[in-house]
Protein chains: 2
Amino acid sequence: MPNPPTIKEIARKLNLSASTVSRALHNHPRIGLKTRLQVQALARELQYEPNQTAIFFQQKKTFTLGIVLPELSEAFFSAAISGIEDTANKSNYMVLLGQSHDDATREEKIVGIMKNHRVDGLLVSLAKNTVNYAHFEMLRKYNIPVVFFDRIPDMQHIHYVAANMESGTVQAVALLLQQGHRVIGMINGPEKLIASRQRTTGYRTAMQQQRLKYDATLNLPTDLTREGTRQAMQQLLSHKRKVTAIVAFNDYVSQDAVQYALEQGLQINKDICFVSYANLPLSSYMAFPPMASVEQYPYQQGQQATAILLDILSGKLPQDDYQQLTIDSRLVMAPGR
Amino acid sequence: MPNPPTIKEIARKLNLSASTVSRALHNHPRIGLKTRLQVQALARELQYEPNQTAIFFQQKKTFTLGIVLPELSEAFFSAAISGIEDTANKSNYMVLLGQSHDDATREEKIVGIMKNHRVDGLLVSLAKNTVNYAHFEMLRKYNIPVVFFDRIPDMQHIHYVAANMESGTVQAVALLLQQGHRVIGMINGPEKLIASRQRTTGYRTAMQQQRLKYDATLNLPTDLTREGTRQAMQQLLSHKRKVTAIVAFNDYVSQDAVQYALEQGLQINKDICFVSYANLPLSSYMAFPPMASVEQYPYQQGQQATAILLDILSGKLPQDDYQQLTIDSRLVMAPGR
DNA sequence: TTGTACGCGTTATCAG
DNA sequence: CTGATAACGCGTACAA
C-alpha cells in the first residue's frame, strides 16, 4: 500500500463511517470529542492528506487561476506575475501558467486547455496580434470569469486593470518643459492603441498647462518596429524646429532611438534628451538610460487584477459588475549614475 | 442548465448508455459506425468537453507539472520556464508555477501545496538558503518524481540538469590569454558551491594548457554581495602583479566590479577587460557589457529537465535510474556595439 | 455491438 | 452524535 491513506481507510481502522471521519477532520461541532481526537490522531499518524483532486471534482472548484500572458522574459510581465502569485497564494489559490509568446493562435489554445482544466478564473494580457475575442466570449458560457490586465481587448463588458499612460506622459512632458525644452518629439505607437492615444492626450495636456501650442508634426505614430523608430527619428531630427528632447514609446523604442541619435553624432543628454516608459529594469546597467521613465506598476496591476478576480470568485463581486480599473502611471527619475 | 454537458446527458438524449458514449467519443473500434457518428455529432452540437477534473481524479493523474524556482524576474529563470513550458505543452502537460523568492520556507510550503494538488511531477531550482531537503525526500513516498535544474541540491539519488561551468571558464580564460592578458583575476563565489569550484578548475585548466602557472591569489572567493565584490576588486587592483582582465562570477557581480573599476579611474576594455557569466540579456542596452560571456543555456536546461521528467512519467525511464545531466557552458562573444 | 456495475475520495443529505 | 447512501463525471472490466 504505497497509496496515500484515505478517509475510508481511517474509517475502517476505527470502525467508523467515512462521513464521521470527514466531519471529525473538519472539526464539525456535533462530533464526539473523543472520536474526533481519535480520528485526528490516527490521521496524523498515517500522515493523511486529503486528495485535492477528489475535492476539486466534487466541489467543482480547483482553486487554480489560469494566467495567460505574452512573455515572461519581458520584465513587465515577470513583475506582474509576482503580484498575481502573491495575491493568489494568500487566498490559497495556485497559478497555472501559459505564455502566448504573442501568438494569437497559441493564446487561443491555452485558453481552451485552461478551460478544460477547469481553472476557476483567468487573468489575461493579450497577445499583440489578437483581434478575435471569441475564445474569451466563450468563457462566459462556462462561467469562468476573466480579468484582463495591461494589454486589454477593445470590448465593452469586461473586467480589467490597466495603466493610464496619460498621467505619466503629462509629467514627462512637464519635466522636459521645465528643463527648458520647447521642441519635444514623441515617438508614439499605432493610433489604434488606447495607450498611444493616452500618450498623445498627455502630451497635449502638458503643453496646454504651460499655454504652449501643441504641434502634431512632432508626435509621430509608428508601428513600434526598429525601422519605424529610425524613420521617426529621421523625421524628428530633420524637423524645421530643432528637437532637443524625445519621449519614446517604451524602453525598446528608446534604445533604438538613442542608437540612431548616436549614429548621427549627437550627444545624449546634451544635444538631446530621452524620456521613456519602463519595460526594462531601469538600473545601472543600461548604456543610456532615459533621464526619466514612466512607471506602469506591473506588480500592482497583477495584484489588483487578481484581487478583483478573487472577489468575483468569492461572490463578493457580481460577475457583471464590470471592474475597469486604471492605475495612474507616474514619472520616475533615473537614479544618478 | 448552464452546466456544461456531460457524457450522461448525451447518453440520455440518445437512449444509449454512458459507457457507449464514452467509447464512441474515444473512437473505440467496436462501436457501431452510425452510433459513433451520432454521438460525435451530438457532442459537437452540445459543445461537449470532457470534465478534466473528473478524469484527473479517476486516473490519478493531473497532467500538471509543478515548477518551483526562485525568481522569474531573473532572466535566466524566465528563459528556463519557456523551455519547460514548451516541452511540457508538447506532451499535453500544463505548468503550475511557484516562486520561492529565494526563501526556503516558502519553497517548502509551495512543494507541499503542489503535492496536495497532485501534480504529476516537479521541476525545481533551489532557493539560495535551502539547506534542508526533507520536503523533497517526502515526495518519494508520494511517488512524485522531481527533476532539479541549475540550482541543484547536494544529494545523491536525484535527477538533475545543470550547466557545467568548467568548459565555459576554460574558454573564457583561454580567450583572455590569447589576447595577451597574463594576469587574470577571478571574482569567484563561495567555495562550497559546485559552480565556484568548476570555475576554479576551468581557470587552472586554461592556464595549464598554455603551460602557465596558476596563481591562487588571483582567484578570490566572495559571498557574491556587492560589498564582497568591491573588496575582491580592491584586492585584485592592488595585487603585486598588474591585473589586466577579470572573470566575474556573473553579470551582477560584473556590474559591481565594473563600477568599482570606473571609480578607480580605470578605462574599461583598455586598462581592464571583463568576462562574465550570462544572467542579464547580453544586449545593446548594457552600459559596459563584458567583452564575452559564458552562456548557460537556460532554455535548454528547462527543456532537458522537462524531457527527463516526462520520460519518467511515461515510464520510459525508471524512477531510480538517476539522470544527472550536465550541459557544457560556452563562451559567447559580445556583439559589437 | 452495447449495456451494467463499479470505483476513484470526498462531502452533503437524510435518517436514526 | 453517528451511519448509510447518493452524487460528482468518467473509464473500464465484465456481461450479454
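Computed from a predicted model, the values in this text were never measured in an experiment. (Residues numbered from 1 in each chain as written. Chains lettered and ligands numbered in written order. Predicted model: local features only at pLDDT ≥ 70, side-chain atom pairs only at ≥ 80, totals over all residues. Heavy atoms only, no water.)

**Student:** Which parts of the structure should I look at to understand the interface of chain A and chain B?
**Tutor:** Interface size is commonly expressed as the accessible surface area that is lost when the partners come together. Taken together, the contact pairs 45 residues of chain A with 45 residues of chain B. Our enumeration of links across chain A and chain B arrives at four salt bridges. For the salt bridge of Asp-86 of chain A with Arg-106 of chain B, the shortest nitrogen-to-oxygen distance reads 3.0 Å. Taken together, the connections running from chain A to chain B amount to 14 residue pairs in polar contact (both at pLDDT 80 or more). Among the elements of the structure, helix H4 (52–59), helix H5 (75–90), strand E2 (94–99) and helix H6 (104–116) of chain A are those that each provide at least two residues to the side of chain A that touches chain B. Of the residues assigned to the side of chain A that touches chain B, the class counts are 20 nonpolar, 17 polar and eight charged. As defined by bridge partners, E2 of chain A adjoins strand E2 (residues 94–99) of chain B across three bridges and the pair is classed as antiparallel. Bridge pairing in E2 of chain B links Leu-97 of chain A to Val-95 of chain B. (Contact = heavy atoms within 4.5 Å. Salt bridge = Lys/Arg side-chain N within 4 Å of Asp/Glu carboxyl O. Polar contact = N/O pair within 3.5 Å; in protein donor to acceptor, adjacent residues only side chain to side chain. Helix = DSSP H or I, 4+ residues; strand = E, 2+ residues; numbered from the N terminus. Nonpolar A, V, L, I, M, F, W, Y, C, P; charged D, E, K, R; others polar. Pairing = 2+ DSSP bridges.)

**Student:** What exactly am I supposed to notice about the pattern of salt bridges here?
**Tutor:** If the charged atoms of two oppositely charged side chains come close together, the side chains can form a pair. Residue and element names in this part refer to chain A. Counting across every chain of the model gives 18 salt bridges over all chains. Note that Asp-120 and Lys-61 form a salt bridge whose closest N and O atoms lie 3.5 Å from each other. With Asp-120 in the loop between H6 and strand E3 (121–124) and Lys-61 in the loop between H4 and strand E1 (64–69), the pair connects residues that are 59 residues apart, well separated along the chain. The partner of Arg-230 in a salt bridge is Glu-263, with the nearest N and O atoms 2.7 Å apart. One end of the pair, Arg-230, is in helix H10 (residues 226–237); the other, Glu-263, is in helix H11 (residues 251–263), with 33 residues separating them in the sequence. By relative accessible area, which is 46% here, Glu-263 ends up partly exposed. (Buried < 20%, exposed > 50% of the residue type's maximum accessible area, 1.4 Å probe, protein only.)

**Student:** I would appreciate a short explanation of the protein's contact with DNA strand C in the present structure.
**Tutor:** Not every one of the 27 residues close to DNA strand C is listed here, only the nearest: Tyr-48 and Gln-58 of chain A together with Ser-19, Thr-20 and Gly-32 of chain B. In this structure, a phosphate oxygen belonging to DNA strand C sits 2.7 Å away from a main-chain N or O atom of Ile-7 of chain A. Tyr-48 of chain A places a side-chain nitrogen or oxygen 2.5 Å from a phosphate oxygen of DNA strand C. Broken down by element, the residue count for the surface near DNA strand C peaks at four residues, all from H4 of chain A. Partitioned by chemical class, the residues of the surface near DNA strand C number eight nonpolar, 14 polar and five charged. (Near = heavy atom within 4 Å.)

**Student:** I would appreciate a short explanation of the pairing of strand E9 (residues 273–277) of chain B in the present structure.
**Tutor:** Residues and elements named next belong to chain B. For E9, a buried count of five out of five residues is recorded, marking the element as mostly surrounded by other parts of the structure. Side chains Cys-273, Val-275 and Tyr-277 of E9 all project onto a buried face; the interleaved residues Phe-274 and Ser-276 project onto the opposite face, where all are buried too. Across three bridges, the pairing between strand E8 (residues 245–248) and E9 is parallel. Bridge pairing in E9 places Ala-245 opposite Cys-273. After leaving E8, the chain enters helix H11 (residues 251–263) and then returns to the sheet as E9, a path that is right-handed. Strand direction decides the pairing type here: E9 and strand E10 (residues 292–295), joined by three bridges, are parallel. Counterpart to Ser-276 in the pairing with E10 is Ser-293. (Right-handed = clockwise from strand over helix to strand, strands pointing away.)

**Student:** Got a minute to help me understand the relation of the copies chain A and chain B in this structure?
**Tutor:** Both copies of the chain are related through a single rotation about an axis accompanied by a shift along the same axis. For the pair chain A and chain B, the best superposition has an RMSD of 0.3 Å and corresponds to a rotation of 180° with a translation of 0.1 Å parallel to the axis. Such a turn and shift between the copies fits a two-fold axis. Looking at the rotation axis and the C-alpha trace of chain A, the residue lying nearest is Ala-287 of chain A, at 1.7 Å. Both copies share a contact surface, since 100% of the interface residues of chain A are interface residues in chain B too. (Least-squares fit on C-alpha atoms with pLDDT ≥ 70 in both.)

**Student:** Would you explain the protein's contact with DNA strand D in this entry?
**Tutor:** Near DNA strand D, the surroundings consist of 27 residues, among which Thr-20 and Gly-32 of chain A together with Ile-7, Tyr-48 and Gln-58 of chain B are the closest. In this structure, Thr-35 of chain A approaches DNA strand D through a side-chain N or O atom, which is 3.0 Å from a phosphate oxygen. A distance of 2.6 Å separates a phosphate oxygen of DNA strand D from a polar side-chain atom of Tyr-48 of chain B. Those elements giving two or more residues to the surface near DNA strand D turn out to be helix H2 (18–25) and H4 of chain A together with helix H1 (7–14), helix H2 (18–25) and helix H4 (52–59) of chain B. Looking at the surface near DNA strand D, the element that brings in the most residues is H4 of chain B, giving four residues.

**Student:** Would you take a moment to explain the domain arrangement of chain A for this structure?
**Tutor:** Residues and elements named next belong to chain A. Domain boundaries assigned for chain A yield domain 1 (7–50), domain 2 (63–162 + 298–327) and domain 3 (164–295). For domain 2 and domain 3, the distance between their C-alpha centres works out to 31 Å. Facing eight residues of domain 2, the contacting portion of domain 3 comprises six residues. Roughly 500 Å² is buried in total at the junction of domain 2 and domain 3, and carbon and sulfur atoms are behind 52% of that figure. Our enumeration of links across domain 2 and domain 3 arrives at zero salt bridges. Here domain 2 and domain 3 share one residue pair in polar contact (both at pLDDT 80 or more) between them. Those elements giving two or more residues to the side of domain 2 that touches domain 3 turn out to be H5 and strand E11 (324–328). Of the residues in the side of domain 2 that touches domain 3, the class split is six nonpolar, one polar and one charged. (Domains from an automatic or database assignment. Buried area = accessible area lost by both parts, 1.4 Å probe.)

**Student:** Which parts of the structure should I look at to understand helix H12 (residues 298–313) of chain A?
**Tutor:** Counting along an α-helix, one turn takes 3.6 residues, and residues three or four places apart therefore face a common direction. Residue and element names in this part refer to chain A. Counted at 1.5 Å a residue, the expected span for H12 with its 16 residues is 22 Å, and the 22 Å between its end C-alpha atoms agrees. Among the residues of H12, those classed as buried are Pro-298, Gln-301, Gly-302, Ala-305, Thr-306, Ile-308, Leu-309, Leu-310 and Ile-312. Count one or two residues on from H12 and you reach Gly-315, which has phi positive near 85°. (Expected span 1.5 Å × (residues − 1).)

**Student:** Got a minute to help me understand the packing of aromatic side chains in this structure?
**Tutor:** What describes a pair of aromatic rings is the distance from one ring centre to the other and the angle between the planes of the rings. One pass over the structure, following the stated rule, counts nine aromatic pairs over all chains. Seen from their ring centres, Phe-136 of chain A and Phe-148 of chain A are 5.1 Å apart, and the 80° between their planes marks the pair as edge-to-face. Within this pair, whereas Phe-136 of chain A is found in helix H7 (residues 134–141), its partner Phe-148 of chain A is found in strand E4 (residues 146–149), the two being separated by 12 residues in sequence. Each member of the pair, Phe-136 of chain A as well as Phe-148 of chain A, carries the same accessibility label: buried. Here the aromatic rings of Phe-76 of chain B and Phe-77 of chain B are separated by 5.2 Å at their centres, their planes lie at 85°, and the arrangement is edge-to-face. Accessibility assignment for this pair places Phe-76 of chain B and Phe-77 of chain B in one class, buried. Sitting above the plane of the Tyr-277 of chain A ring, Arg-199 of chain A keeps its charged end 4.0 Å from the centroid. (Phe/Tyr/Trp six-rings, centres within 6.5 Å; stacked < 30°, edge-to-face > 60°. Lys NZ or Arg CZ within 6 Å of the ring centre and 35° of its normal.)

**Student:** What's the story with the UniProt feature "domain: HTH lacI-type" (unreviewed entry) in chain A in this structure? I'm lost.
**Tutor:** Under the UniProt annotation, "domain: HTH lacI-type" (unreviewed entry) lies at residues 5–59 of chain A. Between the end C-alpha atoms of residues 5–59 of chain A there is a gap of 21 Å, over a span that is 69% helix and 0% strand. (UniProt positions renumbered as here; feature names shortened; annotations may be inferred.)

**Student:** Can you help me understand unusual backbone geometry in this one?
**Tutor:** Note on backbone geometry: most residues besides glycine have negative phi, and most peptide bonds are trans. We note that Asn-15 of chain A has phi near 55°; this positive angle belongs to a residue other than glycine. Among the secondary structure elements, Asn-15 of chain A is positioned in the loop between helix H1 (7–14) and H2. Accessibility expressed as a relative area gives 73% for Asn-15 of chain A, which makes it exposed. Unlike most non-glycine residues, Lys-60 of chain B shows phi in positive territory, near 50°. Here Lys-60 of chain B is to be found in the loop between H4 and strand E1 (64–69).

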